Amino acid sequence: MSHPTTVAAPHHHAPPQGFLRTHVFSLDHKVIGKQYLDLALVAVCIGMLLSWLMRFHLAWPETPIPGLAKLSPNGAAGGVITPEYYLALMTMHGTIMVFFVLTTAPFAGFGNYFLPIQVGAEDMAFPRINMMSFWVTLVAFLVLISGFFVGDGPPLSGWTAYAPLSAVGKDAGPGQGVGQTLWAVSITLFCVAQLLGALNFITTTLDLRTKGMSLARMPYSTWAWFITSVIGLIAFAVLMPACILLILDRVAGTSFFIPAGLVISDRLQPHSGGSPLLWQHLFWFFGHPEVYIAILPGFGIISHILPAFARKPLLGPRVLIACLVAIAFLSYTVWGHHMFLSGMNPFSATLFSVPTLIITIPATIVTLLWIGTVYGANLRFTTPALFCLGFVSVFVSGGISGFFLAQPSIDTYLHGTYFVVGHFHFVMGVAAMFGIFAGTYFWAPKMFGRMMNETLGKWHFWLTFIGVYCVFMPMHYLGLAGNVRRYSAFTDDYLKPMIPLHQFITIAALCTGVAQLLFLFNLVRARFRGPKAPDNPWEATTLEWSTTSPPPFDNFGGRPPVVHHGPNEYGATGATGATGDYVMQASPQSAGPA
Amino acid sequence: MGKLFAVVLTIITVVSTALFVAHTWWLPVDISAHGQAIDRQLSETMVTSGVLFVLSQFALALFVWRYADRGDGRKAKTFPGGVTPMVLFATVLVGAEILALTFVGSKVWAGIYQTPPDPGSLQIDVQSEQFAFYFRYPGPDGKFGATHPELINEANENYFGLDPAHDVSARDDIVVPTLTIPVNRPIALTLRAKDVSHAFYVPELRIQQDFVPGLAIPLHFTATDTGKHEIVCTQLCGLGHYNMRAYIEVISQAAFDQWLKDKAAQQ
Amino acid sequence: MTGNATPPPPIVPPVAGPPTASRSTTEPPPLAPAQTGVLLAIGTICMSFAALTSAMVVRQGAAPDWRHFHLPYLLYLNTLVLLASSGTLEWSRRRIAAVPVGAARLPGLDGLAGVYFTLVLGLLFVTGQVIAWRQLAAQGLFLATAPSSAFFYVFTALHGLHVLGGLVALVYVLRRLRRIAGPVPRVALRAAALYWHFMGALWLYLLAILATRV
């Protein structure tokens, strides 16, 4: 990288004036970051509610759910969810969670807020495009949600929307008319927004670093956002045309994904020549990197936060970065492991399983780096620290189940079962969420200028940590017993004995869900009424802690910081700053002897 | 707090592992010729992952227990050997296990999906649709009639769109909703989808395959024990997906021959 | 730390706002985020069209219903128009780059004429594409008629949309050039030109694959 680390033309906008410019149509990356986080918060509440409805129905399929009949008279007449409504809830749950929570909060949310500050810039490289990204994301969300209120409801084809079910239109089932089209339009818009966002992240990282902030001195969270953006730049660029082709199949009579001779609802479909597998290839070429987009910021956040509470440097930071790059690169070579049994050439299955298994290696290394960082530490058990430690545990659990699914011979049995559901929920629904929680508790003082409550935070952690294991570990047992996924009810002979375990999972899920209220309450209350936060409550080293809480509109009060150290100057390097056992990045003093 | 974390994590690890080891919920009895190889691959993976799982969770728990900040100004310690043991462990040990599993597993996979069926296999056509499976046997002439989507008629039970009026080989085709097969005989299925994607899954047979509209996908296996089991759909196909099921009945060769004769007589 | 020993002083931004510290308009900015941004945009657009190309290849092989047809000759004329517009833009960009920084304003239309020509040629190109569509429609080749025509329309429409975006960017840059002197708009012009040339290169690629496959 030959870019000099000097300050580029600084930004472009004066302090905002007026309520709308300051809080609504803001060019300030900090406001935009908070807007993304708020959107993700709304989305996760909806997504979680949907999962409660689904789990309740699975456990007690004939019991009416109070209030649901009023809310969805078509989908849940008498309060009992119909099979098609279950699948619609499932589709929306997956879509909302993957796109509007896991891609939005850790990446667009925290990344927007903190990447410019962490590299010492005043704002993102393109503030107007940044603002546009958020509003396009919001419109995409609204378009998606509108599926609940139009036609015969949201689509039932899952977040994966396989053709021809998703492509032929309303003959295929309820929600497959306008609901599916709205879904595809929403995702297309989302892709545009994320591509613009990735542009901003990468350009800011490459061009706007302050003096002294070489790439080697960037915080690990910045590295993770940077690498995630590169992944996204390529992945979303493939999903967008795929969704466009899907929309054309649905409304314009083309046949990209629909073969000839299909008889659906007693009607011979007018399409011919298309390939359902083409959709799967395009989707998963995006879909697999997408799950790394969901988790990599979490890797960065954990690597960023853990040293601050271990009071020692992260073990092997250069190896960490190399592993993140390796994972990013490999993520493009493995998409076929979602398609082992899809009907593609079976030899490809073996080809795809090789890089899938190889990804285990950098993933194992980064996990060992975290565990190795905990060794010999002086751990401070704050809430963010607990979520970091919890992240390591749940990532191990989720990663290991992937080891099974990566092998085609084993996938023959486990594909399409709850084993898969357990696996991806552990890595995405739990580990990535723990990254978001850790980030929230860690950065709330900086973003809101107020501290969150530690007691509530710890209760939140314990109930969640135990709860998620009770919810998702049993799914592996169900999978081993052959329990198929995406079923709205378990009517098969061999599945009926599993229902008690499903009931256990549902109870655990509802309890864990209720525990999240602690987080919500804590967050909202702290935001407006928490005790005032100092500039650097955690005694951390990176640039966001060198400015006020919250930072001024141009981040550093007109005085861009000069960086003298990397982010890792804690404890064991013998760092003894005037501040104690750490040296801040912007501190001009030299670090002590190693 | 650290000690609590270590204790909770240890309990979680022990309980989860115990439930795996005890096979409290486990695979059903394997009745397929290739099943043993798959079960062996699964056990090997289970043991390796189990060891990795237990070791990493215990290491985390142990370190968290021991390395709390006691406020005594103790200097933090670097992991002995630094980064090197981590990289070595992951690359060499995990890498070797990956190599071994891939080498053996690819043979197991190829044996099921990349080898042609036995020449003497019993050929059966399978059609999946929203939301049922139908099975077609070629009948005494040993030939399948041609299928015509435009002739499909659920009301007349013409699920495959056969044209017996004009197609001689279609006249004796046997179409049934249950897959009846003889034990210890290689079976060669051809999977077709009428409307959207479906899948064919029999846990006891350790076999699974998607149906893709527009493709005719071969699948072969040999059942090694008699009995009745369920075939379930594992590819989301619409609102009836949860209910889409057929039975597979494995019976003796003699009983099968009789069954086939009876069915042929009914055509 | 690499690069200049003394960082050049920051530049006054073109919008109203209190200047901070001492600023000078004599030095060009050391880095060009606009340039990086455009390069990344080019990368991502390439990826999108690569995905569509592979979709086309797969679809062509999936069924025997491709139905080849001849591309309207107008497309080749449109190509010349687009390439010419790249020429005019590049000519303009170099003329403007040669004007010393710090000049009060750009002398007259000097240099800017090329940008206006580019806009006109760009619009001519898009119009020409639409006419080519009408010619195909007159032959009975619509979006849903055959996979070949479907991909033809999808490729040309997406390219055309990106060209329109490039025109909007050029108008934006033009307005800034008219209003203020200084290096910032020139950097923006360079970035916009890079994008525009890429539109030409992308079109040449699309023409090649459409001519050989459709």
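Note that the structure is a prediction, hence the values are computed from the model and not measured.

Participant: Please explain the interface of chain B and chain A as it appears in this structure.
Facilitator: Reports of interface size often rely on the accessible area that becomes lost once the parts have come together. In this assembly, 94 residues from chain B lie in contact with 99 residues from chain A. Buried surface at the junction of chain B and chain A, both sides included, amounts to about 8,400 Å², of which 72% is carbon and sulfur. Of all residues in chain B, the largest losses of buried area upon contact with chain A belong to Trp25, Trp109 and Tyr242 of chain B, amounting jointly to 10% of the total for that side. Taken together, the links from chain B to chain A amount to 3 salt bridges. A salt bridge links Asp492 of chain A to Arg245 of chain B; the nearest nitrogen and oxygen atoms lie 4.0 Å apart. Secondary-structure elements contributing two or more residues to the side of chain B that touches chain A are α1 (2–21), α2 (35–66), α3 (84–113), β7 (207–211), β9 (227–232) and β10 (245–251) of chain B. With 16 residues, the top contributor of residues to the side of chain B that touches chain A is α3 of chain B. When its residues are assigned to classes, the side of chain B that touches chain A shows 56 nonpolar, 25 polar and 13 charged.

Participant: Honestly, the pattern of salt bridges in this entry has me stumped. Any pointers?
Facilitator: Two side chains bearing opposite charge may form a pair once their charged atoms approach each other closely. By the definition in use, this model includes 19 salt bridges over all chains. One salt bridge in this structure joins Arg94 of chain C and Glu90 of chain C, with 3.0 Å as the shortest N-O distance. Of the two residues, Arg94 of chain C and Glu90 of chain C are both situated in helix α2 (residues 74–98); the distance of 4 residues between them amounts to about one turn of the helix. Judged by relative accessible area, Glu90 of chain C falls into the buried class, the value being 17%. Residues participating in the shared-partner salt-bridge network are Asp492 and Asp493 of chain A together with Glu230 and Arg245 of chain B.

Participant: I tried to follow the environment of Phe190 of chain A on my own but got confused; where do I start?
Facilitator: All names here are of chain A. Mapping Phe190 onto the fold places it in helix α7 (residues 178–207). Using a relative accessible area of 0% as the deciding quantity, one classes Phe190 as buried. Phe190 sits 178 residues away from Leu368 along the chain, and the two C-alpha atoms are 35 Å apart.

Participant: Would you take a moment to explain unusual backbone geometry for this structure?
Facilitator: For residues other than glycine, phi is negative in most cases, and the peptide bonds are mostly trans. The residue after Ser549 of chain A, namely Pro550 of chain A, is reached through a cis peptide bond having omega -5°. Tracing the backbone shows Pro550 of chain A in the segment after α17 (499–529). Here the amide bond leading from Gln130 of chain B into Phe131 of chain B is cis, since omega sits at 0°, within 30 degrees of zero. The topology assignment puts Phe131 of chain B in the loop between β1 (122–129) and β2 (132–137).

Participant: In this structure, what is going on with the domain arrangement of chain B? I would like to understand it.
Facilitator: Residue and element names in this part refer to chain B. The domain boundaries assigned to chain B delineate domain 1 (2–69 + 78–113) and domain 2 (122–266). Between the C-alpha centres of domain 1 and domain 2 there is a distance of 39 Å. Facing 14 residues of domain 1, the contacting portion of domain 2 comprises 15 residues. Taken over both partners, the interface formed by domain 1 and domain 2 buries close to 1,100 Å², and the fraction arising from carbon and sulfur atoms is 57%. When the buried area of domain 1 at its contact with domain 2 is split by residue, Pro28, Ile31 and Tyr113 rank highest and sum to 50% of it. Remark: the boundary between domain 1 and domain 2 carries 1 salt bridge. Note that Arg206 and Asp39 form a salt bridge whose closest N and O atoms lie 2.7 Å from each other. At the surface where domain 1 touches domain 2, the tally comes to 10 residue pairs in polar contact (both at pLDDT 80 or more).

Participant: What is the right way to read the packing of aromatic side chains from this model?
Facilitator: To describe a pair of aromatic rings, one takes the distance between the centres and the angle between the planes. All names here are of chain A. Taken as a whole and assessed by the stated rule, the structure comprises 79 aromatic pairs over all chains. Between Phe285 and Tyr332, the ring centres sit 5.5 Å apart and the planes meet at 45°, which makes this aromatic pair tilted. Of this pair, Phe285 sits in helix α9 (residues 276–310) while Tyr332 is found in the loop between α10 (317–330) and α11 (346–358), placing the two residues 47 residues apart along the sequence. Take Phe285: its relative accessible area is 18%, and that puts it in the buried class. Note on Tyr332: relative accessible area 15%, which makes it buried.

Participant: I tried to follow the pairing of β7 of chain B on my own but got confused; where do I start?
Facilitator: Along a regular strand, successive side chains alternate from one face of the sheet to the other. All names here are of chain B. The buried fraction of β7 amounts to 5 of the 5 residues, a majority that puts the element mostly inside the structure. Here β7 shows no split at all, with Ile207, Gln209 and Phe211 on one side and Gln208 and Asp210 on the other all buried. Pairing between strand β6 (residues 198–202) and β7: 5 bridges, direction antiparallel. Directly across from Tyr201, in β7, lies its bridge partner Gln208.

Participant: Explain helix α13 (residues 383–405) of chain A to me, please; I cannot follow it from the model alone.
Facilitator: Side chains of residues three or four places apart in an α-helix project in the same direction, reflecting 3.6 residues per turn. Taking 1.5 Å of rise per residue, 23 residues should cover 33 Å, and α13 of chain A covers 33 Å from first to last C-alpha, within 8% of that figure. Judged by how many residues are buried, α13 of chain A sits mostly within the fold: 22 of 23 residues are covered.

Participant: Explain the nonpolar core here, please?
Facilitator: Considering soluble globular proteins, one finds that nonpolar side chains tend to be buried as a cluster. Formed by 360 residues in total, the largest nonpolar core has its most connected members in Phe465 of chain A together with Phe135 and Phe200 of chain B. If near-sequence neighbours (up to four positions away) are discounted, Phe200 of chain B is found in contact with Phe135, Leu179, Leu189, Leu191, Ile207, Gln208, Gln209, Phe211, Leu219, Ile231 and Val232 of chain B. Tyr134, Tyr159, Phe160 and Leu162 of chain B belong to the second-largest nonpolar core, a separate cluster that totals 6 residues.

Participant: Got a minute to help me understand a nonpolar patch on the surface in this structure?
Facilitator: Residue and element names in this part refer to chain B. Side chains of Val7, Ile11, Val15 and Trp65 sit close together on the surface and give an oily, nonpolar patch of about 360 Å² of accessible area. If one sorts the elements of the nonpolar patch by residue count, α1 sits on top with 3 residues. By the element assignment, Val15 lies in helix α1.

Participant: How do you make sense of the packing of helix α5 (residues 104–119) of chain A against α9 of chain A when you look at a structure like this?
Facilitator: Relative placement of two packed helices is described by the angle separating their axes and the distance separating the axes. All names here are of chain A. Where α5 contacts α9, the two axes come as close as 10 Å, and the packing angle between them is 45°. The angle between α5 and α9 places the two elements in the oblique class. Where α5 crosses over α9, the handedness of that crossing is left-handed. Side by side, α5 and α9 meet where Pro106, Phe107, Phe110 and Gln118 of the first sit next to Ala294, Pro297, Ile301 and His304 of the second.

Participant: Would you mind showing me how to read a positive patch on the surface here?
Facilitator: Residues and elements named next belong to chain B. Together, Lys3, Arg66, Arg70 and Lys77 give the surface a local cluster of positive charge. With respect to the secondary-structure elements, Lys3 resides in helix α1. With relative accessibility at 46%, the residue Lys3 sits in the partly exposed group.

Participant: Please explain the sheet that holds β2 of chain B as it appears in this structure.
Facilitator: Strand pairing in a sheet takes place through backbone hydrogen bonds and is either antiparallel or parallel in direction. Residues and elements named next belong to chain B. Ordered by their spatial adjacency, 5 strands build an open sheet running β3-β2-β1-β5-β8, and the pairing between neighbours is mixed. Bordering the open sheet on either side are β3 (174–176) and β8 (217–222), each of which pairs with just one other strand. Neighbour-to-neighbour, the strand axes of this sheet turn through a mean angle of 25°, independent of strand direction. Against the sheet, helix α4 (residues 253–266) makes contact with β1, β2 and β3, and its axis sits at roughly 105° relative to β3, the strand it touches most.

Participant: What's the story with the side chain of His476 of chain A in this structure? I'm lost.
Facilitator: Residues and elements named next belong to chain A. Along the chain, His476 falls in helix α16 (residues 454–480). Among the residues examined, His476 registers a relative accessible area of 2% and is labelled buried. At 3.2 Å, the side chain of His476 forms a polar contact with the backbone oxygen of Phe472.

Participant: Explanation requested: the environment of Gln253 of chain B in the structure shown.
Facilitator: Residue and element names in this part refer to chain B. Mapping Gln253 onto the fold places it in helix α4. The partly exposed category is assigned to Gln253, whose relative accessible area is 30%. The sequence separation of Gln253 and Thr224 amounts to 29 residues, and the corresponding C-alpha distance is 12 Å. If sequence neighbours within four positions are ignored, Gln253 has contacts with Pro182 and Arg185.

Cut-offs and rules
- Residues numbered from 1 in each chain as written.
- Chains lettered and ligands numbered in written order.
- Predicted model: local features only at pLDDT ≥ 70, side-chain atom pairs only at ≥ 80, totals over all residues.
- Heavy atoms only, no water.
- Contact = heavy atoms within 4.5 Å.
- Buried area = accessible area lost by both parts, 1.4 Å probe.
- Salt bridge = Lys/Arg side-chain N within 4 Å of Asp/Glu carboxyl O.
- Helix = DSSP H or I, 4+ residues; strand = E, 2+ residues; numbered from the N terminus.
- Nonpolar A, V, L, I, M, F, W, Y, C, P; charged D, E, K, R; others polar.
- Buried < 20%, exposed > 50% of the residue type's maximum accessible area, 1.4 Å probe, protein only.
- Domains from an automatic or database assignment.
- Polar contact = N/O pair within 3.5 Å; in protein donor to acceptor, adjacent residues only side chain to side chain.
- Phe/Tyr/Trp six-rings, centres within 6.5 Å; stacked < 30°, edge-to-face > 60°.
- Pairing = 2+ DSSP bridges.
- Expected span 1.5 Å × (residues − 1).
- Core = buried A, V, L, I, M, F, W, Y, C linked by side-chain atoms within 4.5 Å.
- Patch = residues over 30% accessible without salt bridge, like charges linked within 9 Å, V, L, I, M, F, W, Y side chains within 5 Å.
- Areas by Shrake-Rupley, 256 points an atom, 1.4 Å probe, with all protein chains shown as cover.
- Axes fitted to C-alpha atoms, helices over the stretch in contact; angles between N-to-C directions.
- Parallel < 35°, antiparallel > 145°, perpendicular 65-115°, else oblique.
- Left-handed = near helix turned anticlockwise from the far one by under 90°.
- Lys, Arg positive; Asp, Glu negative; His and termini not counted.
- Charge placed at Lys NZ, Arg CZ, Asp CG, Glu CD.

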